[in-house]
Protein chains: 2
Amino acid sequence: MALDHAILVSLLEKPGSGYELARRFERSIGYFWTATHQQIYRVLKRMEGDGWVDVRDVAQQGRPDKKEYSVAEAGRVALSAWLAAPIEPESVRHDLAVKIRGAAFDDPASLIGEVRRHRQVHTERLAHYLAGEKRDFGEPSDRDEPLHAERELQHVVLRGGIAYERMMITWLDDVLGTLARFETGR
Amino acid sequence: MALDHAILVSLLEKPGSGYELARRFERSIGYFWTATHQQIYRVLKRMEGDGWVDVRDVAQQGRPDKKEYSVAEAGRVALSAWLAAPIEPESVRHDLAVKIRGAAFDDPASLIGEVRRHRQVHTERLAHYLAGEKRDFGEPSDRDEPLHAERELQHVVLRGGIAYERMMITWLDDVLGTLARFETGR
DNA sequence: GCTTGCTATGCAACGAGGTGCATAGCAAGA
DNA sequence: TCTTGCTATGCACCTCGTTGCATAGCAAGC
């Protein structure tokens, strides 16, 4: 299971509370991994029991207190072991692809609205990623700048998200063109 | 849940047994949806109870008998309803992306072998899809051929798979180039 | 006759993930 | 004062998916 490791990576990038992690999983980490706050709290509790993370109570003014988690040595070791172990390339699950093949047995053209909606979502995600890239990685900065692994690797993952969204938009246009050919001649 | 509907679509394309469905889910359907034979048998049994599918015992020579499932009227209705309902664009889960960001806190270059392995898998999948496309959709055939929804929609989904694998290979090359810059200067 | 291997179906148990709900601190505005 | 809303944490329950195991028919080879 990789949720453990996704949380460890996020905590290594920056320690934080379960609540903060949940919000990160709606943004940056959430680009390639999703989790609800329930899963996060549960996993944090388990990892705390296993000594993978340390907890620190933090009093805040104007807000409820929080528990700040950070990665313990055992957590680093566990992450290292996971990084060294091979994983299977993901098994994809595309509901939309099932719908498209299923539409052959219904009215293909009636899917057009749904596909347009998905195209819109991917367009928004792409714009969001591009804005994030400009904000966080926009400046070419002076060359010969020392290599910063965290930054470079976050950037290449973001470029993956951008490539994915561009591919999806292009493909959804292909789908829309195909569906349009089945439009009832009204 | 869309496994129900993926099975219904597959049975509409061609009735078959749980075992046959399981093999389809290792191939064509499996390009965008995975399922083990356990899940398939369980769902078939439930759908039979709900009257979504019909069963027929088929004796075979040289092999054990099988149960052939086909979609019943109630199943068609359920599929139609699902097709008409909006679904949320998929939430992605990329273990490899977690690994890449995590590698910043370990040895980035040690990931190169793993990424190459993934690239190899995607290259093979692409070759497999392209061969399938040539086999099943290769002939331009006479134009003005009547539109065949099932065929056209299967093709557009396959084109999505091809676009996805091409995007992944390109991105993994980007990843490899990035990781190479962290190689220990030995 | 025995083993191997593919076809074909299924149970039991577990873990992961999601939904709904509950609690509580604190600020801001009606 | 009461409600609304964000921050913050957590329990209970249920479903989905995976793993391991079991059974059985039948063919082919040793």
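Note that the structure is predicted; figures quoted are calculated from it, not measured.

Undergrad: Run through the packing of aromatic side chains, naming residues and quoting values.
TA: Scanning the model with the defined rule gives two aromatic pairs over all chains in all. Judged by centre distance (4.4 Å) and plane angle (50°), the ring pair of B:Tyr31 and B:Tyr129 falls under tilted. In this pair, B:Tyr31 sits in the loop between helix 2 (18–24) and helix 3 (37–49) while B:Tyr129 sits in helix 6 (residues 112–137), placing the two residues 98 residues apart along the sequence. With a relative accessible area of 5%, B:Tyr129 lands in the buried category. Positioned above the aromatic ring of B:Trp82, the side-chain terminus of A:Lys99 is 5.6 Å from the ring centre.

Undergrad: Hey, could you go over the interface of chain A and chain B for me, with residue numbers and the actual values?
TA: With 69 residues of chain A at the contact, the number on the chain B side is 70 residues. Of the roughly 6700 Å² buried at the junction of chain A and chain B (both faces included), carbon and sulfur atoms supply 66%. Inspection of the chain A/chain B interface yields six salt bridges. Across the pair A:Asp174 and B:Arg159 runs a salt bridge, and its minimum N-O distance is 2.7 Å. Across the chain A-chain B interface, the total number found is 29 residue pairs in polar contact (both at pLDDT 80 or more). Sorting the residues of the side of chain A that touches chain B by element identifies helix 1 (3–13), helix 4 (73–84), helix 5 (95–102), helix 6 (112–137) and helix 7 (149–180) of chain A as the ones contributing at least two each. Its residues assigned to classes, the side of chain A that touches chain B shows 38 nonpolar, 14 polar and 17 charged.

Undergrad: Give a detailed account of the relation of the copies chain A and chain B, specifying residues and quantitative values.
TA: With an RMSD of 0.0 Å, the operation that places chain A on chain B is a rotation of 180° combined with a shift of 0.0 Å along the axis. On the angle and the small slide along the axis, the relation comes out as a two-fold axis. Every residue of chain A has its C-alpha some distance from the rotation axis, and the shortest such distance is that of A:Met167, at 3.5 Å. Both copies contact each other with a shared surface, as 100% of the interface residues of chain A are interface residues in chain B too.

What counts and how
Residues numbered from 1 in each chain as written. Chains lettered and ligands numbered in written order. Predicted model: local features only at pLDDT ≥ 70, side-chain atom pairs only at ≥ 80, totals over all residues. Heavy atoms only, no water. Phe/Tyr/Trp six-rings, centres within 6.5 Å; stacked < 30°, edge-to-face > 60°. Helix = DSSP H or I, 4+ residues; strand = E, 2+ residues; numbered from the N terminus. Buried < 20%, exposed > 50% of the residue type's maximum accessible area, 1.4 Å probe, protein only. Lys NZ or Arg CZ within 6 Å of the ring centre and 35° of its normal. Contact = heavy atoms within 4.5 Å. Buried area = accessible area lost by both parts, 1.4 Å probe. Salt bridge = Lys/Arg side-chain N within 4 Å of Asp/Glu carboxyl O. Polar contact = N/O pair within 3.5 Å; in protein donor to acceptor, adjacent residues only side chain to side chain. Nonpolar A, V, L, I, M, F, W, Y, C, P; charged D, E, K, R; others polar. Least-squares fit on C-alpha atoms with pLDDT ≥ 70 in both.

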